[in-house]
Amino acid sequence: MVRLENHLGKIDISSDFFVNLVGGTVTNCFGVAGMATTGATQGVKNYLSSMRFIKRRIPEKGIRVRYNKQKFTIDLHIIVTYGTNVTAIVKSIINKVKYVVEEISGLTVARVNVFVDGMKNE
C-alpha cells in the first residue's frame, strides 16, 4: 500500500493496482510471451487457481513492486518469444514500465529489474 499525503488530504493506492498496471504494460510489449512464476508461493497460488480452488485471477505472477522512500523498485520475471532480440525487449520493457508508472502515479521509479526466465516457441 502506497500512502501519499498532501495539503488536500491522504491518498492510498493499493499494491494490486500497481501490479495490474505493470503486468498489463509488460504483457503488451513486443516479444513477451508471458510472465514467469518467481517462487514457491506464487507457484502454489497458480496451481490452485488452475485447479479452480481459488476463483480470482492471480495478477502478481512474476511481478514484485516495492515502495521505499518515495521511490519504486519493480522486479519482473518474463518469458520471451524465441527469435527476438532479448536486449531490445528488456530495454523496451524498462522504458515503458518506468514511463507508465511515473505518468499515472506521479511517483519516481528508481529501478526496473527484468529477469528473463524462459523462452517460448510460437
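Residues numbered from 1 in each chain as written. Predicted model: local features only at pLDDT ≥ 70, side-chain atom pairs only at ≥ 80, totals over all residues. Heavy atoms only, no water.

## Examining the packing of aromatic side chains
Item 1. Enumeration over the complete set of coordinates arrives at three aromatic pairs.
Item 2. Between Phe-18 and Phe-72, the ring centres sit 4.7 Å apart and the planes meet at 50°, which makes this aromatic pair tilted. Residue Phe-18 is found in helix H1 (residues 15–27), and its partner Phe-72 is found in strand E5 (residues 71–81); the two are separated by 54 residues along the sequence.
Item 3. Overall, the relative accessible area of 2% leaves Phe-18 in the buried class.
Item 4. Exposure remark for Phe-72: the relative accessible area of 1% places this residue in the buried category.
Item 5. Between Tyr-67 and Phe-72 the ring centres are 5.0 Å apart and the planes differ by 50°, which places this aromatic pair in the tilted class.
Item 6. Here the aromatic residues Phe-17, Phe-18, Tyr-67 and Phe-72 are joined through ring pairs into a cluster of three or more. (Phe/Tyr/Trp six-rings, centres within 6.5 Å; stacked < 30°, edge-to-face > 60°. Helix = DSSP H or I, 4+ residues; strand = E, 2+ residues; numbered from the N terminus. Buried < 20%, exposed > 50% of the residue type's maximum accessible area, 1.4 Å probe, protein only.)

Functional significance is not addressed by these values, which are geometric in nature.
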